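Observations on the three-dimensional arrangement
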Amino acid sequence: MSFEIDRESLLVRVPGAATLASIERALERAGLTLGIAATDLAVGDWLAAGAPGAASAFADPADHLVAGLTATLTDGSATVEVRPSPRRAVGPDLVALFVGCHERFASIDHVWLRVHPRGARRVALPTEHLDLDPPVSPDEAALLDAIARELAR
Amino acid sequence: MVDPSPLAELARALPDVRSSGDAADRVAYARDLWPRHHLAVRAGNVAEHRPAGVVWPASTEEVARVVRWAHDTRTPVVPFGAGSGVCAGVLPNERVIVLDLKRMTRWRELDERARTLDVEAGHMGLPLEEDLNRRGLTLGHFPSSILCSTVGGWIAARSAGQCSGKYGKIEDMVLALECVTGTGRVVTLRHRTSGPNLVPLVVGSEGTLAVVTSAKLRLHPKPEARAFAAFSFPTTEHGWEAMRAMFQAGLRPAVARLYDPFDAMLARRGAVKKDGADSGGTPGLGAAALRNLLRRPGAINELLEGSFGSAVFGGALLVVIFEGEAGAAATEGPHADLATARRVLEPMKARWLGEGPAQKWLLHRYSVSYRQAPVFAAGLFSDTMEVAAPWSKLGALYDGVRRALGAHVFVMAHMSHAYPDGCCIYFSFAGTAGPAEPGREGWDARCEATYDRAWRAALAAAVEAGGTLAHHHGAGRSKAPRLSSELGDAGVATVKALMRAFDPRGILNPGNLIPDAPTPYVDDAHPKPVTA
Ligand SMILES: Cc1cc2nc3c(=O)[nH]c(=O)nc-3n(C[C@H](O)[C@H](O)[C@H](O)COP(=O)(O)OP(=O)(O)OC[C@H]3O[C@@H](n4cnc5c(N)ncnc54)[C@H](O)[C@@H]3O)c2cc1C
């Protein structure tokens, strides 16, 4: 599997099927790391599960884990591309439909992930009192159902 | 006879909710601060896009009743914060009810232990930050428009503040949103790490998915200490390489602003002059001379861009401010971070300029935003464009957009939102009337033509270089026609699916963010005036 490392931007583009361990091995050769425990989980599945083990987005607000991705809708009707960028302001952030949604709407084909030079200093603001994993409410569940319905239309 | 105006119907249906169909109110709510509107105003078309009326709910319950009524009667509703948006996110017509949130300003819950605040969406920016400061806290969000924008508007337009280097953009601060969807249902969406997170869909949706009524925001301790520094660099590129090195070394200066040589010269001058066209970011020239000069923007841009510009204006300027807790050990805190930054920057052709320019910048941090009026008064126009890209594409983005804009208008740039993987470039430009063409003979119409050409070329160049259409102003109606160039057709179709899911009857800010909306706008880049 081929990985594209953008050294200047500290990003790597990987297929959704690549395992975290295989990505980490390739990064290690370039002096880089994902900065998480590298398992045999496919990166697409890992992101669909909400990237367990990754640093919270609130630990370093200027940083993010996913810079861009391509994902194919579950019915295969279209592929959505979110081009890599540190931030954007062009409507809803479509990445939210693919990360943490357990492939309900789409599966990730490729993803641009942030990588770190080995041994680099990491920012870690305190997050221990923030409630970052509340249960999904019935209202949210209803909206998720409506999104699934409308995407399938 | 029954008054057919939607406002009269609303007032009949919900007599206890404050509303107005008064002519002055309708004029006041006819637009946001999209600079192209200013050209129309200068031409005498003060309020072409008047709404049917305005409604001022005081609670979420009132917002829900208004939206439910709008849903039932299929009446379009445009959420309104303070109207400081610059992309035609607010562009009503005589069927639209504008829903102003500014009566909703309560703090619902301050959790000092978790450092979170649940605040209503109509709260204005500066008083919020000042009240937090009095309690030893900060939100860390300082848009230049902090005096004239609301929490809800920040969230809806994906705003960025001057301290994004440490605290992130508004989307990095939101833990939960209470909002009213297009059916009038009140929902609370919560940030969730290991499950579906709907918050990022409503953030940036510019009033098209839901009306945000309150937000739970992450707070930080008010900084105890600050460390200031400024550096000059031979070129802008040297400067952004230095910014990249800082952020990739794990440093998070709250403020890191890099100015190209011309913008640096303006930044060094600091404060805004009080009167006259010359204070419009255009140094020491009379309005007429300036208009003449700007007729040949290509030549001026070329002259100032190269080594000549650097030599005359003294190179690019980087202003840096670290802030935070003072730090117990000598290796901690803002001063230690600044010392590390100096070690990173000095081998990169940085010339230390001391603390002065950064302190001066902080003193005048909001003044620069009010330079626009004198430019328009001088018969010119100005605007800004904020785009972003990964570092590897930044050079192409900078050159491409600069060239595209530079053919039509005078352009300068600064970079004030950097991240470990990329950066935003903020172009400021000023232009004048181009040659007369059929249908566009008057001065202001000719200015509009130049304005449209410059934007069209610049947005195309941004996407071509691998950049985004916008970094923090949103897309509104002004960039919507180009949305598929960044998101692709599938991305746009996904956005439309979201709109149907949240707002099945399409009553929330219809036409906004939709490239092919059936509106009275030109199919190209920008709306033309409604003539009906
Ligand atoms: C001088 C000046 C300087 C600026 N500097 C900055 C800057 O530094 N950083 C920055 O990010 N922006 C800046 N802006 C742009 C502008 O201030 C932001 O876009 C701001 O977020 C808009 O807030 P507002 O309350 O004025 O929203 P409005 O202009 O009223 O609305 C903006 C959009 O959001 C929608 N909206 C508003 N409130 C709600 C709500 N409660 N629920 C749902 N939708 C809603 C509206 O329908 C509209 O589409 C600047 C503007 C000016 C004029």
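Residues numbered from 1 in each chain as written. Chains lettered and ligands numbered in written order. Predicted model: local features only at pLDDT ≥ 70, side-chain atom pairs only at ≥ 80, totals over all residues. Heavy atoms only, no water.

Before going further, it helps to examine the pattern of salt bridges. By the definition in use, this model includes 31 salt bridges over all chains. For Glu-24 of chain A, the salt bridge goes to Arg-118 of chain A, with nearest N and O atoms at 2.9 Å. Of this pair, Glu-24 of chain A sits in helix H1 (residues 20–29) while Arg-118 of chain A is found in the loop between strand E7 (116–117) and helix H3 (138–152), placing the two residues 94 residues apart along the sequence. Here Asp-516 of chain B ties to Lys-496 of chain B by a salt bridge, and the two come within 3.0 Å at their closest N and O atoms. Highlighted residues: Asp-516 of chain B in the segment after helix H20 (483–502) and Lys-496 of chain B in helix H20, separated in sequence by 20 residues. (Salt bridge = Lys/Arg side-chain N within 4 Å of Asp/Glu carboxyl O. Helix = DSSP H or I, 4+ residues; strand = E, 2+ residues; numbered from the N terminus.)

It is worth spelling out unusual backbone geometry at this point. Residue and element names in this part refer to chain B. The residue Ala-88 is not glycine, and still its phi comes out positive at about 60°. If you trace the backbone, Ala-88 turns up in the loop between strand E3 (77–80) and strand E4 (97–100). Judged by relative accessible area, which is 0%, Ala-88 ranks as buried. (Buried < 20%, exposed > 50% of the residue type's maximum accessible area, 1.4 Å probe, protein only.)

All names here are of chain A. Read across the sheet, five strands follow the order E1-E2-E6-E4-E5 without closing on themselves; strand pairing throughout is antiparallel. The strands lining the two open edges of the sheet, one partner per strand, are strand E1 (4–6) and strand E5 (79–82). If you compare each strand with its neighbour and ignore which way they point, the axes differ by 15° on average. (Pairing = 2+ DSSP bridges. Axes fitted to C-alpha atoms, helices over the stretch in contact; angles between N-to-C directions.)

A separate point is the site of the ligand. Residues and elements named next belong to chain B. Around the ligand, 36 residues are found, and the nearest of them are Pro-79, Ser-84, Gly-85, Ser-145 and Thr-150. A distance of 2.8 Å is found between an oxygen atom of the ligand and a side-chain nitrogen or oxygen belonging to Ser-159. A distance of 2.9 Å separates a nitrogen atom of the ligand from a polar backbone atom of Val-212. Coverage of the ligand by the protein chains reaches 94% of its 970 Å² of free accessible surface. Of all the elements in the fold, those that place two or more residues in the shell around the ligand are E3, helix H6 (151–157) and strand E10 (210–218). Ranked by residue count, the leading element in the shell around the ligand is H6, at five residues. Residue classes in the shell around the ligand are distributed as 17 nonpolar, 18 polar and one charged. Counting contributing residues, the shell around the ligand receives three or more from each of domain 1 (6–100) and domain 2 (107–221). (Near = heavy atom within 4 Å. Polar contact = N/O pair within 3.5 Å; in protein donor to acceptor, adjacent residues only side chain to side chain. Areas by Shrake-Rupley, 256 points an atom, 1.4 Å probe, with all protein chains shown as cover. Nonpolar A, V, L, I, M, F, W, Y, C, P; charged D, E, K, R; others polar. Domains from an automatic or database assignment.)

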